[in-house]
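A closer look at the structure
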Amino acid sequence: MRLFRGLGAVSAAAVALGVVALGSPAQADNILPFTITNVRTGPSPIVAGGGVATEFVITVTNPNNSELFGVIGGIPDSGLTFVSATAAGGKANCEPFPQIAPGAFVCQGTDKAPPTDPQMVMPQIRFEANESVVVTASFVADAWVPTSTQKFCSVAVPSRSEPSQVCGISAGTPQPSIITAPPTEATATVDVQALADLQLTATGASQTDPGKVAKLSFTLKDFGPSNTSAYKISFTLPDGVTLVSQVPAEWKCTQTGQKVECFWDPPVSAEAAEPLRSFPALMVDVKTPNPALKADYGITATATSSTTDPTPADATATGPIPMTPVDLAVSKSAGSPVFVGDEATWTVSVSNVGTIDDLGKVTVTDTLPAGAVFKSATGAAWTCAAEGQKVTCTDDDPVFAVGTSEEIVVVSRMTQRGLASNKVSVATTAYEKNLDNNSASKSVSVQRSEQTAAGLPSSPRRILSGKTDEGQKLTTRVRCTPVKASVAGDVSFCKVTRGKGVVRVQVFGSTKMRVKVVQRAKGTKALKPFVQRKTYLVKP
């Protein structure tokens, strides 16, 4: 079947490409074919669907010393769409010619056949001897074209030539009796680049309790000029997060470990005539871990396709999953004062004052003051150990229920006096936002103990002077003074004797004596100094 059948009395290809020439067949034997060049002068690459055209310059020359008639045509690859073609100097009129192939065009002249050749039925380009005709043709790349190299074949066909192929396209069965000179072809190329412009947006979940399902969505749009396919949204689930479900069904998701890939795969009946540029939101349900170990388990997704996206930054979006925090509080109490050498009892109270149970590992750290020696730390469901001044207790109960409190009792022996401050803190491996109530301190006054000894007797005649009840040596001092001045010549005095832990005081003379007795014992780190006094009036 000839390509141009029905356009004239001769074959369609002959009509389209100017099959009538002047002269007899004998003259045709000496006709030289046209020479042709095809050079791309426009940009390369061009973007598929981008609307920017590229240009080709076709130069056809008649190498003969006599005039020659013919036509100029062009056939691009199917991905190029004809925009325009213009012959320099108005030498020809160029028009689309889709009968040959999509995007094809033909340039015809304005000269009709002379009366001597009635078979000439369509306008021909008249080429004077050694004359060149220049045609500039422009094309755009269709949106569906993938990244590729597209060819544009140009052809110059002398009149009365009926080729079997034009630029690789069959033109029907040739008729040798009318062939004058063969057509001449030249090919040029242009690179076409398919580009996408994917935009992915995310809608995060509301605040989610640990262990509950969070709902988030990702919406994909393609603003790119080129058609594309194989759309995919992929993301990696954070550790501890599990995929529950996704909708709609057109998004087919597969999971390998924590990596999830969702492909746009609508049923055949759901395919649109035009490429889809906006997609139904991918709705994702995930289960969050319990305990939550961080504030946000947001999911970052990236959209890709079979086509290059030169601006991929907006093809990535994060849907946050904010977690509900736990809230623990700690307080401390202790009895005060405490004497050096005695034991201090510190009571630590840990409470869950938040809105959710704490399933994390709870640890209490109690730092004993200097001079405190650890004795013990106990609490129901707590395991405690001490290293130096640091006491660490971990909660063995897997659930610290909301609204409950637990106590730890820490006992230490106090070895030095002063104000002793004990600091405690609580921490959990679960996410906790409010840390202001996670520490507390309590100070106790550590004092030296009072010493005791037997009281001074009612008479200074026999005073015990050994040791205090705490074992410190007692020192007894005696001072005697007359109650009133002595009569001239009268002498009154005290005689003090010591031995075997006893002090004896005797008064001699005629006047009463005032006897002052002071007993002292030195203090220690643990004991206060001891002192007791008594004044006696003793007759001789």
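Note that the structure is a prediction, hence the values are computed from the model and not measured.

Turning to the environment of A196, a few remarks are in order. Take A196: it is sitting in the loop between β13 (184–193) and β14 (198–203). In sequence terms A196 and T304 are 108 residues apart; their C-alpha atoms lie 9.1 Å from each other. If sequence neighbours within four positions are ignored, A196 has contacts with D222, G224, S305, T307, T308, D309 and P310.

With that out of the way, let us pick up the sheet that holds strand β27 (residues 372–378). With antiparallel pairing, the four strands of this open sheet are ordered in space as β23-β25-β30-β27. Two strands in the sheet have a free side with no partner beyond their single neighbour: β23 (328–334) and β27. Neighbouring strand axes in the sheet, compared pairwise and without regard to direction, differ in orientation by 25° on average. Pairing geometry for strand β25 (residues 343–352) and strand β30 (residues 405–414), over nine bridges, is antiparallel. Counted as the bridge partner of W346 is V410 from β30.

Bringing the state of the cysteines into the picture now. What is meant by a disulfide is a covalent connection between two cysteines, made through their sulfur atoms. This model, assessed by the stated rule, comprises five disulfides. In this model, C153 is linked to C167 through a disulfide, with the two sulfur atoms separated by 2.0 Å. The sign of the S-S torsion, about -75°, decides the handedness of the disulfide formed by C153 and C167: left-handed. Of this pair, C153 sits in strand β10 (residues 148–158) while C167 sits in the loop between β11 (165–166) and β12 (169–170), and the two are 14 residues apart along the sequence.

Bringing the pairing of strand β29 (residues 390–395) into the picture now. Burial along β29 is one-sided: the face carrying V391, C393 and D395 is buried and the face carrying K390, T392 and T394 is not. The pairing of strand β26 (residues 362–367) with β29 spans five bridges and is antiparallel. In the strand pairing of β29, T367 is matched with K390. When strand β28 (residues 382–387) meets β29, the two strands line up antiparallel, connected through six bridges. When the sheet's bridge partners are listed, W382 is paired in β29 with D395. A loop of two residues connects β28 with β29, the two strands running antiparallel in sequence, and G388 in this loop sits at a positive phi of about 65°.

About the thresholds
Residues numbered from 1 in each chain as written. Predicted model: local features only at pLDDT ≥ 70, side-chain atom pairs only at ≥ 80, totals over all residues. Heavy atoms only, no water. Helix = DSSP H or I, 4+ residues; strand = E, 2+ residues; numbered from the N terminus. Contact = heavy atoms within 4.5 Å. Pairing = 2+ DSSP bridges. Axes fitted to C-alpha atoms, helices over the stretch in contact; angles between N-to-C directions. Disulfide = S-S within 2.5 Å. Buried < 20%, exposed > 50% of the residue type's maximum accessible area, 1.4 Å probe, protein only.

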